[in-house]
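# Structural characterization, general
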Amino acid sequence: MGTSQATTAEAELLLAHLRSQRRHVLGILEGLDEEALRRPVLPSGWSCLALVRHLALDDERFWFRGVVAGEQEVRDEVAAATESAWRVGADETAEQVLARYREEAERTDAIIASTPLDTAPAWWPDFFGEFRMDSLREVLLHVITETACHAGHLDVARELIDGRTWLILT
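The following refers to the structure shown. (Residues numbered from 1 in each chain as written. Predicted model: local features only at pLDDT ≥ 70, side-chain atom pairs only at ≥ 80, totals over all residues. Heavy atoms only, no water.)

Let's shift gears to the pattern of salt bridges. For the structure on display, the rule yields 19 salt bridges. Linking Arg22 and Glu60 is a salt bridge whose minimum nitrogen-to-oxygen distance equals 2.9 Å. Here the residue Arg22 occupies a position in helix α1 (residues 9-29), and Glu60 occupies one in helix α3 (residues 48-68), the gap between them amounting to 38 residues. With a closest N to O distance of 2.9 Å, Arg158 and Asp162 form a salt bridge. One end of the pair, Arg158, and the other, Asp162, are both in helix α6 (residues 136-162), four residues apart, so they sit about a helical turn from each other. (Salt bridge = Lys/Arg side-chain N within 4 Å of Asp/Glu carboxyl O. Helix = DSSP H or I, 4+ residues; strand = E, 2+ residues; numbered from the N terminus.)

The subject of this paragraph is the environment of Cys48. Within the fold, Cys48 resides in helix α3. In this structure, the C-alpha to C-alpha distance between Cys48 and Gly66, residues 18 residues apart in sequence, is 24 Å.

As a packed pair, α1 and helix α5 (residues 94-114) sit with axes 12 Å apart at the nearest point and diverge in direction by 175°. With respect to their mutual orientation, α1 and α5 come out roughly antiparallel. Of the residues in α5, those in contact with Leu15, Leu18, Arg19, Arg22, Val25, Leu26 and Leu29 of α1 are Leu98, Tyr101, Arg102, Ala105, Thr108, Asp109 and Ile112. (Axes fitted to C-alpha atoms, helices over the stretch in contact; angles between N-to-C directions. Parallel < 35°, antiparallel > 145°, perpendicular 65-115°, else oblique. Contact = heavy atoms within 4.5 Å.)

Before going further, it helps to spend a moment on the nonpolar core. Core analysis: the largest hydrophobic core is formed by 24 residues, its most contacted members being Val25, Leu29, Leu37, Cys48, Val52 and Leu154. Among the secondary structure elements, those contributing two or more residues to this core are α1, α2 (34-38), α3, α5 and α6. Among the elements that line this core, the one with the most residues is α3, at seven residues. Beyond its immediate stretch of four places on either side in the chain, Val25 contacts Val52, Leu55, Tyr101, Thr147, Ala151 and Leu154. (Core = buried A, V, L, I, M, F, W, Y, C linked by side-chain atoms within 4.5 Å. Buried < 20%, exposed > 50% of the residue type's maximum accessible area, 1.4 Å probe, protein only.)

Mapped onto the secondary structure, Cys149 falls in helix α6. Classification of Cys149 by relative accessible area gives partly exposed; the value is 42%. Separated by 24 residues in sequence, Cys149 and Pro125 place their C-alpha atoms 23 Å apart.

Right under this line is the structure:
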């Protein structure tokens, strides 16, 4: 990624941490076939693939394209609430879901590269009530935390599926 005037050492550091968590999400799933990615492992019923779809839509897309950049398309989708990000359609392949996550991550990176960390969100949804984040920095920290949390969920799911664990500490 090239840098812009908005990119600072702090932004690069935060982005590096987000990218590390994304690598963890994708890395822990390497080698699983379509059936394993779709199979619910925990009593709540979510699958690894559904969690990645959630990360793509509810984290990368919603927070950066919707909240930070204020893209009308994303705002309209949130208002319509026509689909759950946690449901993977039978017509969606694992590769399509994983590719969507990668694409949304690239879009996020571009927004971060061109937006100062102190920038206030361009849009804030009403459904949060009193809860509010006041800057890209806060949103970025929130999504790093959310992605890391879900990477841990995927660690547990993967270990239950075939015993594999994630041991890379990067």
